[in-house]
Amino acid sequence: MITSHRLFITFFCILLILLPNVVRGECTCDPEDDDRDKTQALKYKLAAIASILVAGAIGVLLPVLGKTIKALSPERNIFFLIKAFAAGVILSTGFIHVLPDAFENLTSPCLDEHPWGDFPFTGFAAMVAAIGTLMIDAFATSYATSYYRKSHFGEAENNASDEEKVGEHAGHVHVHTHATDGHAHGFLEYSGESELLRHRVISLVLELGILVHSVIIGISLGASESPKTIKPLVAALTFHQFFEGMGLGGCITQAKFKSRGVAILALFFSLTTPVGIAIGIGISSVYDENSPTALIVEGIFNAAAAGILIYMSLVDLLAADFMNPKMQTNKRLQFGANVSLLLGAGCMSLLAKWA
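Residues numbered from 1 in each chain as written. Predicted model: local features only at pLDDT ≥ 70, side-chain atom pairs only at ≥ 80, totals over all residues. Heavy atoms only, no water.

Draft legend 1. The overall build of the protein chain, seen in detail. Helix and strand content of the protein chain: 11 helices and 0 strands. Reading the protein chain from its N terminus to its C terminus gives the helix and strand order α-α-α-α-α-α-α-α-α-α-α. Within the protein chain, counting contacts between residues at least 6 apart in sequence, those at least 24 apart form 89% of the total. Looking at the protein chain as shown, the accessible area adds up to about 18100 Å², and 66% of this sits on carbon and sulfur atoms. (Helix = DSSP H or I, 4+ residues; strand = E, 2+ residues; numbered from the N terminus. Contact = heavy atoms within 4.5 Å. Areas by Shrake-Rupley, 256 points an atom, 1.4 Å probe, with all protein chains shown as cover.)

Draft legend 2. Structural context of the packing of helix α2 (residues 38–65) against helix α8 (residues 259–282). Interhelical geometry of α2 versus α8 gives an angle of 165° and a closest axis separation of 9 Å. Taken as axis vectors, α2 and α8 run roughly antiparallel relative to one another. Here α2 and α8 pass one another in a crossing that is right-handed. Listed contacts from α8 to L42, K45, A48, I49, I52, L53, G56, A57, V60, L61 and V64 of α2 are V262, A266, F269, S270, L271, T273, P274, I277, A278 and I281. Classifying every residue of the contact of α2 with α8 by side-chain character gives 17 nonpolar, 3 polar and 1 charged. (Axes fitted to C-alpha atoms, helices over the stretch in contact; angles between N-to-C directions. Parallel < 35°, antiparallel > 145°, perpendicular 65-115°, else oblique. Left-handed = near helix turned anticlockwise from the far one by under 90°. Nonpolar A, V, L, I, M, F, W, Y, C, P; charged D, E, K, R; others polar.)

Draft legend 3. Region of interest: α2. Along its 28 residues, α2 runs 40 Å from first to last C-alpha, staying within 8% of the 40 Å computed at 1.5 Å per residue. Of all the positions in α2, only A41, K45, A48, I52, A55, G56, G59, V60, P63 and V64 are classed as buried. (Expected span 1.5 Å × (residues − 1). Buried < 20%, exposed > 50% of the residue type's maximum accessible area, 1.4 Å probe, protein only.)

Draft legend 4. Summary view of the packing of helix α3 (residues 77–106) against helix α9 (residues 292–322). One way to put it is that α3 packs onto α9 with a least axis distance of 8 Å and a crossing angle of 155°. Viewed along their axes, α3 and α9 adopt a mutual orientation that is roughly antiparallel. Judged by the sense of rotation from one axis to the other, the crossing of α3 with α9 is left-handed. Classifying every residue of the contact of α3 with α9 by side-chain character gives 22 nonpolar, 6 polar and 4 charged.

Draft legend 5. Structural context of unusual backbone geometry. With an omega of 10°, the peptide bond between H114 and P115 qualifies as cis. Tracing the backbone shows P115 in helix α4 (residues 113–116). The residue K256 is not glycine, and still its phi comes out positive at about 55°. Tracing the backbone shows K256 in the loop between α7 (227–255) and α8.

Draft legend 6. Representation of the nonpolar core in the model. Formed by 44 residues in total, the largest nonpolar core has its most connected members in L206, L248, I252, F257, M312, L317 and F322. At the level of secondary structure, the elements contributing two or more residues to this core comprise α2, α3, α5 (121–170), α6 (175–223), α7, α8, α9 and α11 (331–350). The element that contributes the greatest number of residues to this core is α9, accounting for 10 residues. Those residues in contact with L248 that sit more than four places away from it in its chain are V60, S203, L206, E207, I210 and F269. L221, I230, L233 and V234 belong to the second largest nonpolar core, which has 10 residues in total. (Core = buried A, V, L, I, M, F, W, Y, C linked by side-chain atoms within 4.5 Å.)

Draft legend 7. A look at the packing of aromatic side chains. In total, this model carries 5 aromatic pairs according to the counting rule given. With 5.5 Å between their ring centres and 70° between their planes, F85 and F243 make a pair best called edge-to-face. Residue F85 is located in helix α3, and its partner F243 is located in helix α7; the two are separated by 158 residues in the primary sequence. The pair formed by F85 and F243 is uniform in burial state, with each residue classed as buried. Relative to F124, the ring of F119 has its centre 5.6 Å away and its plane inclined at 70°; by these criteria the two rings are edge-to-face. Residue classification places F124 among the partly exposed residues on the basis of a relative accessible area of 40%. Each member of the aromatic cluster is reached from another via a ring pair, and the members are W116, F119, F121 and F124. (Phe/Tyr/Trp six-rings, centres within 6.5 Å; stacked < 30°, edge-to-face > 60°.)

This is the structure in structure tokens:
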């Protein structure tokens, strides 16, 4: 997983370097806001950096630190309820916050009618991202399964063969039992390893989807010079970051990363939006959110992020837990999880009024 972390960090750094350059202003479609106040806007931006940083860190670390609290362990019913709430938040983020922004960007009158008005690029980008996420999920799990089978079962068969040879010389007939026990133990171990890898892939891909959207939000907020626009966003994005952090933190907890891996993922999540805001402040003099390049880049990235978040929330978070035998046989837990899901989706949808 060290290689995965390096690839993840490399991709994130490239995103931070390239995105501000490709969204520099080229032309202005709409007139500038009349309520621009750089000094007042800067105060709100600094407040946003501090509050979003703290809220994100608390949100992502709560489930992680919950491992030390017995009541919040992944085997407890309360963990299913927290995950359902967080999955509702992530699902709402994809459908209510990210996808509409992508549609707005790619259907803007600032873009040429051809080809942007001839084809639904937003839905296409979201679909391709969702399919790509499925392929990554399936390929990683398949690769791990194949690798573990070859490495573990091949070794087990060699050991069993050696035992049989020893048994033949000694006149024992119980070696087949030992071999069978070894295979059974190996299968259980392999199942656990396969499930662990799946959770790790889910955590990395989910964080990637969240980070792409967070960078864009941060740059947009940082580049704005309208206090009326920024003020309501500060509170809304603070809650937004906290709830998303809880969802990601739950996935990180199940992935059982080492302390270094947990620290890297939590740090990147907590810093992404504040760093995006700082970049936005730095390029505010040249940034034009209505330039064709800015609209296209933000629209495509938002659509891809929406596809990833929607797929991950429905398939890897909700379906996995709601089809879990523990939940299927416990009607009380099932009802509680459904209520938590609706609450999470509802609270996040409500925030769309301000952000």
